[in-house]
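Per-entry structural report
One-letter residues, chain by chain:
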Amino acid sequence: MASILRFRKLYYVDQAVKCSSVGFESLDQSPKIDQKLDKKEEDVISANNLALGINKRKRAKEWRCIDSCCWIIGCLCTTWWLLLLLFHCWPVTLLRVNELPGPGARLKREGLTALHPVVLVPGIVTGGLELWEGKPCADGLFRKRLWGGSFTELFKRPLCLLEHLSLHYETGLDPPGIRLRAVPGMVAADYFAPGYFVWAVLIENLAKIGYEGKNLHMAAYDWRLSFQNTEIRDHALTRLKTRIELMYITNGYKKVVVVPHSMGVIYFLHFLKWVETPPPMGGGGGPGWCAKHIKAMMNIGPAFLGVPKAVSNLFSAEGKDASYLRAMAPRVFESEILGLQTFEHVMRMSRTWDSIISLLPKGGDTIWGNMDWSPEGHVCDFSKKSHSQTSLTSVLHSSKLPTVDSKLSGIFSNECFPNLNISCGEVWTEYDEMSRQSIQNVAADKAYTSTTLHDLLRLVAPKMMRRAEAHFSHGIADNLDDPKYNHYKYWSNPLETKLPDAPDMEIYCLCGVGLPTERSYVYKLSPSSRCKSIPYKIDSSVNGEENSCLRGGVYFADGDESVPVLSAGFMCAKGWRGKTRFNPSGIATYIREYRHKPTTSLLEGRGTESGSHVDIMGNLALIEDILRVAAGATGDEIGGDRIHSDILRMSERINLPL
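In this text the structure is predicted, and so the values were computed from the model without any measurement.

Observations concerning the nonpolar core
Counting residues in each nonpolar core, the largest one holds 157 residues, and the members touching the most others are Trp199, Phe268 and Phe271. For Trp199, the residues in contact, after removing those within four places along its chain, are Leu120, Val121, Pro122, Ala189, Asp190, Met218, Val259, Pro260, His261, Ile300 and Met617. Counting residues in each nonpolar core, the second largest holds five residues, with Val522, Val542, Leu550 and Tyr555 among its members.

A word on the packing of aromatic side chains
By the definition in use, this model includes 20 aromatic pairs. Pairing Phe227 with Phe472 gives two aromatic rings, centres 5.2 Å apart and planes at 85°, and the pair type is edge-to-face. Here Phe227, found in helix H9 (residues 227-234), pairs with Phe472, found in the loop between helix H21 (462-468) and strand S13 (506-513); they are 245 residues apart in sequence, far enough to count as distant. We note that Phe227, like Phe472, is buried. Both rings, one in Tyr485 and one in Tyr490, keep their centres 4.8 Å apart while their planes meet at 65°; by these two values the pair is edge-to-face.

Thoughts on helix H23 (residues 620-630)
With eight of its eleven residues buried, H23 lies for the most part within the structure. Three or more residues of H23 are buried, namely Leu622, Ile623, Glu624, Asp625, Ile626, Leu627, Val629 and Ala630. Measuring from the backbone nitrogen of Ala621 back to the side-chain oxygen at the start of H23 gives 2.9 Å, which picks out Asn619 as the cap. The positive-phi residue at the C-terminal boundary of H23 is Gly632, with phi of around 120°.

Examining the pairing of strand S14 (residues 515-525)
For S14, the buried fraction is high: ten of the eleven residues fall into the buried class. Two elements, S14 and strand S17 (residues 554-559), share six bridges in a ladder whose sense is antiparallel. The residue bridging Leu515 from the neighbouring strand is Gly559, located in S17. Summarising the sheet, S14 and strand S15 (residues 536-538) pair through three bridges and their orientation is antiparallel. Looking at S15, one finds that Leu525 is bridged to Tyr536.

Some details on the packing of helix H10 (residues 236-250) against helix H11 (residues 263-276)
Between H10 and H11, whose axes approach to 11 Å, the crossing angle comes to 75°. As summarised for this structure, H10 and H11 are arranged roughly perpendicular, according to the angle between their axes. Residue-level contacts link Ala236, Leu237, Thr238, Leu240, Lys241 and Ile244 of H10 to Tyr267, Phe268, His270, Phe271, Trp274 and Val275 of H11. Split into classes, the residues belonging to the contact of H10 with H11 amount to nine nonpolar, two polar and one charged.

Remarks on the sheet that holds strand S7 (residues 216-218)
Strand order across the open sheet formed by six strands is S7-S1-S8-S9-S13-S18, with parallel pairing between neighbours. If you trace the sheet from one side to the other, it starts and ends with S7 and strand S18 (588-595), each paired once. This sheet shows a mean twist of 15° between the axes of neighbouring strands, independent of strand direction. Against the sheet, H11 touches strand S1 (118-121), strand S8 (256-260) and strand S9 (294-300), its axis set at about 150° to S9.

A few points about the sheet that holds strand S3 (residues 145-147)
Overall, antiparallel pairing links the three strands, which are arranged S3-S2-S4 in an open sheet. The sheet terminates laterally at S3 and strand S4 (179-182), the two strands that pair on one side only. Within this sheet the neighbouring strands show an average axis-to-axis angle of 50°, counted without direction. Relative to S4, strand S2 (residues 129-133) runs antiparallel, the two sharing four bridges. The partner of Glu133 across the bridge, within S4, is Arg179.

Some remarks on the state of the cysteines
Simply put, the disulfide is a covalent bond whose two ends are the sulfur atoms of two cysteines. Tallied over the entire structure, the rule returns two disulfides. At a sulfur-sulfur separation of 2.1 Å, the disulfide partner of Cys137 is Cys160. The disulfide joining Cys137 to Cys160 has a torsion of about 80° about its S-S bond and is therefore right-handed. Taken together, the positions of Cys137 in the loop between S2 and S3 and Cys160 in helix H7 (residues 158-165) put the pair 23 residues apart, joining distant regions of the chain.

Description of the confidence of the model for the protein chain
Low-pLDDT stretches of the model should not have their predicted coordinates read in fine detail. Put simply, the protein chain has an average pLDDT of 81, and 73% of its residues get 70 or more. Confidence over residues 56-60 falls short of pLDDT 50; this stretch has two contacts with residues more than four positions distant or in other chains. Throughout residues 383-423 the model reports pLDDT below 50, and contacts reaching past four residues in sequence, or to other chains, amount to 124 contacts.

Notes on the pattern of salt bridges
This model, assessed by the stated rule, comprises 30 salt bridges. Of the charged contacts in the structure, one is a salt bridge between Arg106 and Glu624, with a shortest N-O distance of 2.6 Å. Placement of the pair is Arg106 in helix H5 (residues 103-109) and Glu624 in helix H23, with a sequence separation of 518 residues. Note on Arg106: relative accessible area 31%, which makes it partly exposed. For Glu624, a relative accessible area of 19% gives the class buried. Among the ionic pairs, Arg458 bridges to Asp455, the shortest N-O distance being 2.7 Å. Here the residue Arg458 and the residue Asp455 both occupy positions in helix H20 (residues 453-460), the gap between them amounting to three residues, near one helical turn.

Quick notes on the packing of helix H13 (residues 309-316) against helix H16 (residues 342-350)
H16 packs onto H13 with a crossing angle of 110° between their chain directions and a minimal axis gap of 8 Å. Between H13 and H16, the crossing angle belongs to the class labelled roughly perpendicular. Where H13 approaches H16, its residues Asn313, Leu314, Phe315 and Ser316 are matched on the opposing element by Phe343, Met347 and Ser350. Taken together, the residues that form the contact of H13 with H16 break down as four nonpolar, three polar and no charged.

Considering the pairing of S13
Burial within S13 is extensive, with eight of its eight residues counted as buried. Where burial is concerned, the two faces of S13 agree: the one with Glu506, Tyr508, Leu510 and Gly512 and the one with Ile507, Cys509, Cys511 and Val513 are both buried. Taken together, the five bridges between S9 and S13 define a ladder with parallel strand orientation. Among the inter-strand pairings, Met297 is bridged to a residue of S13, identified as Ile507.

What counts, and where the lines are drawn
- Along each chain, residues carry numbers from 1 onward, in the same order as the chain's sequence is written.
- For this predicted model, a pLDDT threshold of at least 70 governs which residues receive local features, and a threshold of 80 or more governs which side-chain atom pairs are given and counted, while totals over whole chains, interfaces and linings are taken from all residues.
- Hydrogens are left out, water is left out, and the side-chain values use all remaining heavy atoms of the structure.
- The criterion is simple. A nonpolar core is a set of buried Ala, Val, Leu, Ile, Met, Phe, Trp, Tyr and Cys residues joined through side-chain atoms within 4.5 Å.
- Only protein chains enter the area calculation, which uses a 1.4 Å probe; residues under 20% of their type maximum are buried, those over 50% are exposed, and those in between are partly exposed.
- A contact between two residues is defined here by any heavy atoms of the two lying within 4.5 Å.
- Put simply, two rings from Phe, Tyr or Trp (the six-membered ring, in Trp's case) pair if the centres are within 6.5 Å, and we call them stacked under 30 degrees between planes, edge-to-face over 60, tilted for the rest.
- Secondary structure elements follow DSSP: runs of H or I no shorter than four residues count as helices, runs of E no shorter than two count as strands, and numbering proceeds from the N terminus.
- N or O atoms closer than or at 3.5 Å make up a polar contact, with two conditions inside protein: a donor-capable atom paired with an acceptor-capable one, and, for residues adjacent in sequence, both atoms drawn from side chains.
- Note on pairing: two strands pair once DSSP finds at least 2 bridges between them.
- Lines fitted to C-alpha atoms define the axes here, with helix axes fitted over just the stretch in contact, and angles between the N-to-C directions of these axes take values from 0 to 180 degrees.
- The cut-offs work like this: below 35 degrees is roughly parallel, past 145 is roughly antiparallel, 65 to 115 is roughly perpendicular, and the gaps in between are oblique.
- Throughout, the ten residues Ala, Val, Leu, Ile, Met, Phe, Trp, Tyr, Cys and Pro are labelled nonpolar, Asp, Glu, Lys and Arg are labelled charged, and all others, Gly among them, are labelled polar.
- Cysteine sulfur atoms that come within 2.5 Å of each other are treated as a disulfide pair.
- Confidence per residue, as judged by the predictor, is encoded in pLDDT with a range of 0 to 100.
- The rule for a salt bridge is simple: a side-chain nitrogen of Lys or Arg has to be within 4 Å of a carboxyl oxygen of Asp or Glu.

What follows is the structure, given as structure tokens:
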């Protein structure tokens, strides 16, 4: 409101000065007027000139949307040219990094060789997607990567690429006239972008002890789809079953070691149930298929019980980093003049990906806690294990938090949305179909936990949830013998399905720890009243006390920056430990944690002791564990459990009948 008033004031003064100038010109032209102005007229001119000068200075100080955009572009270009200059000017000896020998070469000298075939299962986002059919705007891109790789086309035609990466909003499958498919082979996920490795370091170390194409396979799939739809559309589960059977036979009937990452963990959990289920719903492998073909399931950064950041992605298309950027340059990302609407485009696309629904927190308040308690016990300083007084839940609203400034008390008034009935024309997100009063009702004096957040998403995105909930479930089974749990919607939830009858099989939870990981969020209404906008955003102005879990509107817990320890480790620590109703055959489980150690220099790259969600794929200790198991070692032989976090204490605080 202040900027409008200021604009109107400037406009009035400009017009006054203009009119005054015209008036004086007329006086100069009139022969009846004396050529010398009197004292009063000179004072008027001086006052007008002074006002004009002040207004010019004020206008010069205004920070416009285009200024923010140019500032960001200028910083990026300057940084790029500076790094390029340093790279070409510095002596080569200064840029050379002494590479540490990977565990593969050392283990080979110790006599380890490839024994069990290995199957790698990538997670969400990290696998490449290539174009097989597209709209006219994608001419010339046939069989080129639209996701993964250099991303050059994303910058050349962003809206075209977003359209092609989106799925059909009602079916969750291909839109008419568009076909994207997973890139096959190791190149599908060895590097996400040039120089940014995902599986490449692990693949290289496996190769050093004898692995190659005949005993190493990348099970690429379209990570946007629901897990059952990867079979319906691409027969991905059938191809994985056939590949494992072939590797088992051609490698001397050695069982397969499966290494899934992130969402790939629950994708393969779905596969374990699918492969033994009779057709047409399952793969028809029959009871005992897993016991015959699978030696171990080594889960890297497993999202067994979901990821809280999936909630913020679906609710407002943002997370910790995005909320910081939004706060730093709101006029750029929310510009009506530039028409960027970055977050709206991201939400429009990501809400068509059913796979994100699979990552919503599972188990409700029983697992994640409520407004009164949390399994973490409020641990915020992960290195010193100091305690604060903050309560952790899955989604919070700022109206429930005592740390929020009182000036926010009016944020839910009609000032935010003065027009309650707005016709938005084309529907971008389901927020466009909600009345403004309904949007305010969601925000009015509400706090949402991991149980009620599903009701919240059903309210703000009913079409998305109806489509996705036909493929996924997020509860806790009362009776796993109930025939309803034979449906595929339950197979990726470890709390609603049984592990296969394979007592000799092993399950590992390989977790990064020691990093602040998003756990819950504080939201506020966005002040924008325009159509095609997201009405909620993380309140980045909210911070807790010193050493609090709350920073920038986000609560943090221990984890690997993406998956909290609770989600990654609970099933191995308690849910599947020993013979339980979720693990009736008593499959052995192990927790192997890798405490994050930051790099001391930029020349060290992403580090060899990282516990971060993706960078852990280059962690030498993790790679060594995988290589030893692939070469025939058991969990006990590599040291059993290695725990740095409080996962055992967290698990004890969870009252789950086993």
